[in-house]
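If you want the building blocks of each chain, they are given just below.
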Amino acid sequence: MASEKKETTNKAKNKKPVWREWIDALVFAIIAATLIRMFCFEAYAIPTGSMEGTMLVHDYLFVSKMAYGPRIPMTPLAVPLVHNTLPLTGGKSYTEAVQWKYHRLPGFGHVERNDVVVFNGPCGDTAIAEQADMDLDYYQQCRMYGRDAITSRYKIITRPVDKEENLIKRCVAIPGDVLEIRNAKVFINGQPATLYPHSKLNYIVKTNRMPPIVDDKTELVQRLNNNIFVYNLENDQVDEVKKAGNVVSVDLYLRNPTGAAPTEPGEWVFPLDTANYKWNRDNYGPLTIPKAGTTVTLTPQNIAMYRRIISNYEGNTLEEQSGKIIINGKEATTYTFKMDYYWMMGDNRHNSLDSRYWGFVPEDHIVGKASFVWLSYGESLLKDMRWSRLFRGIHSLEK
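In this text the structure is predicted, and so the values were computed from the model without any measurement. (Residues numbered from 1 in each chain as written. Predicted model: local features only at pLDDT ≥ 70, side-chain atom pairs only at ≥ 80, totals over all residues. Heavy atoms only, no water.)

Enquirer: Can you break down the sheet that holds strand β16 (residues 318-321) residue by residue, with the values?
Expert: Two modes of strand pairing occur in sheets, parallel and antiparallel, and in both the strands are linked by backbone hydrogen bonds. With respect to topology, three strands assemble into an open sheet ordered β16-β17-β18, the strand pairing being antiparallel. Among the strands making up the open sheet, the edge pair consists of β16 and β18 (330-331). Contacts from helix α6 (residues 303-313) reach β16 and β17 (324-327) within the one sheet, and its direction differs from that of β16 by about 145°. (Pairing = 2+ DSSP bridges. Helix = DSSP H or I, 4+ residues; strand = E, 2+ residues; numbered from the N terminus. Contact = heavy atoms within 4.5 Å. Axes fitted to C-alpha atoms, helices over the stretch in contact; angles between N-to-C directions.)

Enquirer: Break down the nonpolar core for me, citing the residues and quoting the values.
Expert: Among the nonpolar cores identified, the biggest contains 32 residues, and Leu179, Tyr284, Leu298, Trp343 and Phe360 are the most heavily contacted of them. Of all the secondary structure elements, the ones that give two or more residues to this core are β6 (166-173), β7 (178-182), β8 (185-188), β14 (284-288), α6, β17 and β20 (341-345). With six residues, α6 is the single largest residue contributor to this core. With residues up to four places along the chain from it excluded, the contact list for tyrosine 284 reads Leu179, Glu180, Ile181, Val269, Phe270, Pro271, Trp279, Trp343 and Arg356. (Core = buried A, V, L, I, M, F, W, Y, C linked by side-chain atoms within 4.5 Å. Buried < 20%, exposed > 50% of the residue type's maximum accessible area, 1.4 Å probe, protein only.)

Enquirer: So what's going on with the sheet that holds β8? Which residues, and what values?
Expert: Pairing is antiparallel in the open sheet, where four strands are placed in the order β9-β8-β7-β14. Edge positions in the open sheet fall to β9 (191-192) and β14, since each of these has one partner strand only. Bridging between β7 and β14 involves three bridges; their strand directions are antiparallel. Paired with isoleucine 181 across the two strands is tyrosine 284, which belongs to β14.

Enquirer: Describe a nonpolar patch on the surface, naming the residues involved and giving the relevant values.
Expert: Taken together, the side chains of Trp19, Ile23, Val27, Ile31 and Leu35 make up a nonpolar region of the molecular surface, amounting to roughly 500 Å² of accessible area. Look at isoleucine 23 and you get partly exposed, because its relative accessible area is 41%. (Patch = residues over 30% accessible without salt bridge, like charges linked within 9 Å, V, L, I, M, F, W, Y side chains within 5 Å. Areas by Shrake-Rupley, 256 points an atom, 1.4 Å probe, with all protein chains shown as cover. Salt bridge = Lys/Arg side-chain N within 4 Å of Asp/Glu carboxyl O.)

Enquirer: Outline the packing of aromatic side chains, listing residues and values.
Expert: Evaluated as defined, the whole model comprises 19 aromatic pairs. Measuring from centroid to centroid gives 6.0 Å for tyrosine 60 and tyrosine 377, while their planes differ by 20°, and the two rings are stacked. Here the residue tyrosine 60 occupies a position in strand β2 (residues 59-64), and tyrosine 377 occupies one in the loop between β22 (366-376) and β23 (392-393), the gap between them amounting to 317 residues. Between the aromatic rings of tyrosine 335 and phenylalanine 337, the centroid separation amounts to 5.9 Å while the plane-to-plane angle is 75°, which identifies the pairing as edge-to-face. Each member of the pair tyrosine 335 and phenylalanine 337 is classed as buried. Among the aromatic side chains, those forming a connected cluster through ring pairs are Phe270, Tyr277, Trp279, Tyr284, Tyr306, Tyr313, Tyr335, Phe337, Tyr341, Trp343 and Phe360. In this structure, arginine 182 is placed above the aromatic ring of phenylalanine 187, and the distance from its NZ or CZ to the ring centre is 3.9 Å. (Phe/Tyr/Trp six-rings, centres within 6.5 Å; stacked < 30°, edge-to-face > 60°. Lys NZ or Arg CZ within 6 Å of the ring centre and 35° of its normal.)

The analysis is restricted to geometry; functional conclusions fall outside its scope.
Here it is in structure tokens:
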């Protein structure tokens, strides 16, 4: 009897207080959620309309990290369950005191043509702290207003690769592909790219009387005059609009003709060298997507295409002196790529900031593959649920 009382007393002494049990449970939950988010899947919200009409603003989806292999964190010392900014305070959620090299665990496959991919935006390595209130990124602001004007007016921040802003686009071309855009139509290796019914482009719609076509499907962009309008239409809407009784013609709205570079700095396209590349958003290339292990010849005429790869993405020093290209202190006439690169574009082609403007996406920027939508709503979560989109895979939304 005495031994039983002693055992009961010892158990009572060793029992954790309720607050301690709650803390232990919370710590376990945070660790488990962090590991799942890091190695399995992560929730992601569509913030802009660049992927309309396949993906819509306020689509919430799960992104598979295992599809291409989980990426080991390159900035391991960070607050769990947040990306690069602390809630409420707006401060950095990480420290760069420790930085690991890029490494990816084996996955189920590799990035394939037409995959919808989440990745760290290459243009996000340098950003304006007030960027949330601006339509243009840091590099576009510098081109338009001058670097000195931007750096003197705003606080400029730099971020490591895995803490750059997440973007979602469609992988249009993979390493080794030759990409070309002709009158807003994409060609890969000389063949037309896959055309999705919900992808959007701007069209000039001429009518023979007022009012113009206006319904739930037609998105008016601009009114050019009484009878000519610019509409942003899905591919499967074009024939329907052509059949409308008051429509005379429907033609693609091409802002710049073939062989003409944009005149406005904010519309310049990669590689931002209008002297050697007369490209624009609708007429672009041909351009070969870099592949690991392949070698290119470097010249003063094409170095603009590879500057960021050589210096920013693959960690070399790069100098250009009197027509000579100096890499890591030695003159170079060729360069061999260390990583694979990808070409990403939004389905809402005339309203997407994508690879046409900031170039190649390195493999170490790839986060994961969009898997399925688990929540979707319009203007209001309570009043405008899009029930038909819930728990649908990305492939089913593309049809």
